[in-house]
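Structural characterization, general
Here are the chains, one letter per residue:
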Amino acid sequence: MSVLIKARGRGQKGENQETKDNKDEQLILLLPFLPLTFFHPSSALRPLSSPILYPQKPMISSASVTNVVDTESVLQVENLSVYYGSFLALREVNLEIPKHKITAFIGPSGCGKSTLLRCFNRMNDLISGARVAGKVRYRGIDLYEANVDPVDVRRQIGMVFQKPNPFPKSIYENVAYACRINGYQGNVDELVEQSLQSAALWDEVKDKLKQNALSLSGGQQQRLCIARALAIEPEILLMDEPCSALDPISTMRIEELIKELRQQYTIIIVTHNMQQASRLSHMTAFFNTTLSDEGARGGYLAEFGTTAQIFNSPIQEATQDYVSGRFG
Amino acid sequence: MTPINHYSFSTPDAEQRFQPVLTSRYRLERLFSTVALIATLVGLIVLAVLLADILIDGLPRLSWDFITSFPSRRPARAGILSPLVGTLWLLSITALVAIPIGVGAGIFLEEFAAETTLAKIIEINIGNLAAVPSIIYGLLALQVFVRIMEPITGGRSVLAGGLTLSLLILPIIIVSTREALRGVPSSIRQAGYALGTTRWQVVRDHVLPIAFPSILTGTILALSRAIGETASLITIGALTFIAFLPTLIPITEGLRSPFTVLPIQTYNWISRPQPEFHNNAAAAIIVLLVVLLSMNATAIFLRNRSQQIRND
């Protein structure tokens with residue numbers, strides 16, 4: 001079933017030498033699109049040989065790569081609005097998520113930061129009444145195009161939730177399940193070990209892999225959820241307040257882990273904890289709420305910049321008030 | 001428990017602004033708990049009296065012979081072999097038909113169906129179906145299963161009876177399946193979806209295993225309702241005098257054979273003038289109760305066991 005297409009990589013000039021995509025060839029996995037073609041009404045419109053799928057993005061000349069944020073973006077959000085029923089939860093967001101960086105979403109409750117996060121792997125599809133207008137481009141494709149399969153999107157863009165939610169199965173099975181369900185062809189045992197090591201959990205659980213995951217502590221459960229998300233080798237990792245249910249020590253361990261992971265993954269983290277945002281992230285997006293004409297309180301992207309800029313010299317007063325703890 | 005002459009911590013100043021009147025509040029509490037206790041006891045006592053009455057009448061009559069004999073015109077020789085086998089056979093058919101359909105419909109409605117107006121109408125109607133008197137199902141079954149489908153069911157056969165009871169308990173199974181699925185935390189579903197699983201995989205691998213014990217319990221309780229069902233089976237004409245067992249080979253013969261069940265046999269004996277038959281009826285009721293209780297015990301046992309497996 002697996003269809004691998006080797007696409008010629010882009011020219012190397014202008015690429016940051018340290019990034020992972022510095023290879024001669026890019027492997028693009030077509031496989032996950034295939035099962036959809038059986039079901040999707042518009043699948044006929046999309047021949048399998050149609051041009052794949054590599055974004056034509058402006059090259060950055062190597063001379064200018066000095067600023068940490070001046071790299072290519074992996075997600076481009078264009079005029080994105082999200083509605084729950086008739087309620088406009090998030091208004092016209094424009095944003096680019098840089099590759100292999102940590103981007104933090106901060107803002108008061110109800111500002112739509114989690115809503116935006118859930119657009120990136122189409123988890124909003126599961127909420128009845130949720131509707132999205134605008135575009136989220138990933139590898140040049142709008143995630144909300146009719147022929148995009150959300151299952152495939154989620155396989156590329158992993159997610160860690162607010163409350164640790166391991167399956168009530170064994171520790172081993174939690175990670176192995178993720179591999180198996182996505183048709184992993186290699187040695188599952190090795191990948192489980194590797195994933196648990198990446199999540200800094202291996203040493204604590206290697207002797208009790210058969211134990212139920214629910215017997216772990218909250219922090220361990222959350223790291224298990226991270227291991228599970230890493231097992232399918234996503235490109236982007238979404239984290240929705242991953243530490244809000246944890247004690248300070250577990251939080252510290254998760255933060256250290258996130259710092260490790262940024263070497264290989266693009267991470268977007270929603271957090272209520274501004275210290276956490278400033279400790280971890282390269283980029284920070286501040287969301288705020290506003291009253292619509294009908295009097296409903298919806299969110300919008302107020303300011304987006306490097307974390308240093310947002311925290312030290314924000315342009316907007318609301319941002320200044322929020323990061324200095326005056327509201328929110 | 002209730003302090004009568006309690007020490008009051010209130011200061012004189014507070015006494016003016018708050019008047020707690022604890023004594024009368026405690027009196028109300030005692031009154032209410034007494035009423036609740038009486039309500040509980042009434043239920044229990046009625047049940048105990050019924051059970052005692054049946055046990056006194058029926059226990060002396062209960063013997064191995066009674067269980068292994070066919071019904072007879074002479075009360076002393078009459079037994080319940082054919083109704084007991086009929087009950088078990090009917091219940092097996094009912095389970096085989098109703099469980100896959102009911103659980104499947106519950107899964108579809110809860111996990112797959114979009115929240116449309118149609119889905120809501122179906123939902124309300126299933127709730128209503130659960131409340132329809134069983135005699136109505138009997139009338140429907142008489143026309144559809146006994147008359148129209150006679151080439152298949154063979155008329156007033158155990159298959160027609162099983163289909164009738166399936167109809168009767170389908171709403172119960174659907175509703176309890178949906179309740180069980182609703183009890184699965186949505187965080188588990190989200191965890192599954194976030195890993196790139198399809199809806200069916202989430203249902204199969206995570207939701208169903210967690211909901212399984214509750215689904216099982218609901219299903220067995222629905223079958224417990226079927227086992228005591230009389231009216232709809234009388235409507236489709238389950239015979240009361242059967243002096244043979246269904247042949248199981250070939251199975252088509254077994255499915256199409258006439259049958260009777262314990263409640264109908266009991267009903268038949270109770271309506272006769274001779275008191276000996278009344279004792280037979282009491283003994284049959286005891287057997288029915290034992291079958292019923294062992295089914296419920298199985299439900300509880302299976303539920304506890306699968307919960308244990310999950311918690312290990």
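Residue and element names in this part refer to chain A. In terms of burial, strand β11 (residues 283–291) is a largely internal element, seven of the nine residues being buried. Bridge count between strand β5 (residues 102–106) and β11: four bridges; the pairing is parallel. Of the residues in β11, the one forming a bridge with A104 is T284. With nine bridges joining them, β11 and strand β12 (residues 297–306) adopt antiparallel strand pairing. Its bridge partner lying in β12, T289 is registered against G299. The turn linking β11 back onto β12 is made up of five residues, and G295 within it adopts a positive phi angle of 90°.

What follows concerns the interface of chain A and chain B. Taken together, the contact pairs 24 residues of chain A with 21 residues of chain B. When chain A packs against chain B, close to 1,800 Å² is buried across both sides, 62% of that on carbon and sulfur atoms. Counting the surface chain A buries against chain B, the share from its top three residues, F167, Y177 and I181 of chain A, is 26%. Between chain A and chain B we count zero salt bridges in total. Applying the counting rule to chain A against chain B returns five residue pairs in polar contact (both at pLDDT 80 or more).

The subject of this paragraph is the confidence of the model for chain B. Taken as a whole, chain B shows an average pLDDT of 88; of its residues, 97% reach a score of 70 or greater. Helix α1 (residues 12–17) of chain B is the least confidently modelled element of chain B, averaging 75 in pLDDT, while helix α2 (residues 22–58) of chain B averages 95, the highest of any element.

This brings us to the nonpolar core. Counting 144 residues, the largest nonpolar core has L75, F105, L116, F120 and L196 of chain A as the members making the most contacts within it. Of all the elements, helix α10 (residues 199–227) of chain B adds the most residues to this core, at twelve residues. Those residues in contact with L196 of chain A that lie beyond four places of it in its chain are V175, L201, W202, V205, L209, L224 and A227 of chain A.

Despite not being glycine, R122 of chain A has its phi angle at roughly 55°, a positive value. Mapping R122 of chain A onto the fold places it in the loop between α1 (113–120) and β6 (130–138).

Here helix α9 (residues 186–194) of chain B has its buried residues at I188, R189, A191, G192, Y193 and A194 of chain B. Phi turns positive one or two residues past the end of α9 of chain B, at G196 of chain B, with a value near 85°.

Residue and element names in this part refer to chain A. Taken N-terminus to C-terminus, the directions of helix α6 (residues 218–231) and helix α7 (residues 248–261) make an angle of 20°; their axes are 9 Å apart at the nearest point. Taken together, the axes of α6 and α7 are roughly parallel relative to one another. Remark: the crossing between α6 and α7 carries right-handed chirality. The residues of α7 that touch α6, namely those facing G219, Q222, R223, I226 and L230, are S250, R253, I254, L257 and L261.

Conventions we followed
- Residues numbered from 1 in each chain as written.
- Chains lettered and ligands numbered in written order.
- Predicted model: local features only at pLDDT ≥ 70, side-chain atom pairs only at ≥ 80, totals over all residues.
- Heavy atoms only, no water.
- Buried < 20%, exposed > 50% of the residue type's maximum accessible area, 1.4 Å probe, protein only.
- Helix = DSSP H or I, 4+ residues; strand = E, 2+ residues; numbered from the N terminus.
- Pairing = 2+ DSSP bridges.
- Contact = heavy atoms within 4.5 Å.
- Buried area = accessible area lost by both parts, 1.4 Å probe.
- Salt bridge = Lys/Arg side-chain N within 4 Å of Asp/Glu carboxyl O.
- Polar contact = N/O pair within 3.5 Å; in protein donor to acceptor, adjacent residues only side chain to side chain.
- pLDDT = per-residue confidence, 0-100.
- Core = buried A, V, L, I, M, F, W, Y, C linked by side-chain atoms within 4.5 Å.
- Axes fitted to C-alpha atoms, helices over the stretch in contact; angles between N-to-C directions.
- Parallel < 35°, antiparallel > 145°, perpendicular 65-115°, else oblique.
- Left-handed = near helix turned anticlockwise from the far one by under 90°.

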